[in-house]
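Architecture at a glance
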Amino acid sequence: MSRKIEQTLSIIKPDAVERNLVNEIKEIFLKNNLIIKDSKKIHITKEEAAEFYKVHQSKPFYNDLCTYLSSGPIVVMILEGENAILNNRKLMGSTNPKDAEEKTIRKLYGISIDKNSVHGSDSMENAKKEIEFFFK
Ligand code: CDP
Ligand code: MG
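Let me sum up the structure you'll find in this document. Quantities reported herein were computed from a predicted structural model and do not represent experimental measurements. (Residues numbered from 1 in each chain as written. Chains lettered and ligands numbered in written order. Predicted model: local features only at pLDDT ≥ 70, side-chain atom pairs only at ≥ 80, totals over all residues. Heavy atoms only, no water.)

**Comments concerning the pattern of salt bridges**
Applicable threshold: Take a side-chain nitrogen of Lys or Arg and a carboxyl oxygen of Asp or Glu: if they are within 4 Å of each other, that pair is a salt bridge. Secondary structure elements are defined from DSSP: runs of H or I of at least 4 residues count as helices, runs of E of at least 2 residues count as strands, and each element is numbered from the N terminus. Burial status follows relative accessibility: with a 1.4 Å probe on protein chains alone, a residue under 20% of its type maximum counts as buried, one over 50% as exposed, and anything between as partly exposed.
Taken as a whole and judged by the stated rule, the model has 6 salt bridges. Residue Glu80 is joined to Lys37 by a salt bridge in which the shortest nitrogen-to-oxygen separation is 4.0 Å. Of this pair, Glu80 sits in strand S3 (residues 74–82) while Lys37 sits in strand S2 (residues 35–42), and the two are 43 residues apart along the sequence. Classification of Glu80 as buried rests on a relative accessible area of 18%. Classification of Lys37 as partly exposed rests on a relative accessible area of 47%. Between Lys107 and Glu102 there is a salt bridge; the shortest N-O distance is 3.7 Å.

**Section: helix H2 (residues 22–31)**
Selection rule: What the arc covers is the set of directions going from the helix axis to the C-beta atoms.
The complete set of buried residues in H2 reads Val22, Ile25, Lys26, Ile28 and Phe29. Viewed end-on, H2 has its buried residues packed into an arc of 150°, placing them on one side of the element. Along H2, exposed side chains directed more than 90 degrees from the buried face belong to Asn23 and Lys31. Downstream of H2 by one or two residues, Asn33 has phi in the positive range, about 65°.

**Some remarks on helix H5 (residues 84–92)**
One turn of the α-helix equals 3.6 residues, which is why residues spaced by three or four share an orientation. Basically, it comes down to this: Contact definition: two residues touch when any of their heavy atoms are within 4.5 Å.
Buried residues of H5: Ala84, Ile85, Asn87, Asn88, Leu91 and Met92, and no others. The buried residues of H5 occupy an angular sector of 165° when the element is viewed end-on, so they sit on one face. Opposite the buried face of H5, at more than 90 degrees from it, the exposed residues are Leu86 and Lys90. Among the structural elements, strand S1 (5–12), H2, S3, helix H6 (105–109), strand S4 (118–120) and helix H7 (124–135) are those in contact with the buried residues of H5. A positive backbone phi angle near 85° is found at Gly93, which sits one or two residues after H5.

What follows is the structure in structure tokens.
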């Protein structure tokens, strides 16, 4: 059996930081075979959010999304573990908390499709880029 140790980028979004959910969310990662290799609390500008989310620039929600991500402090983390990218995506749950599976972070804590508490890289390529964006 081959073991694929990966790194992925996780963000705890403003709605969850504001409600003091950082430790609870970190616990979920730690209990599910993810190591937190690095973590920092930052408050990004709208321009930085626009750069980070530029894959979504043609979407109708892009402007609100960038305003939102820059509206308050966030916690950015490098998570590491076996199949970390998919593992994290499963722990997060569906984009819309209403559709998220039981016990996922978005089901437990998400407020709405925009205030959905967490971000996670969706591919190896994006994980690399996103880690680079915040940590290099
Ligand atoms: O975060 P995830 O990868 O699950 O979803 P996405 O499709 O990559 O969208 C990025 C983010 O945009 C989501 O996490 C939502 O916060 C936001 N979004 C939104 O506000 N309205 C939508 N209809 C879709 C996404
Ligand atoms: Mg995405």
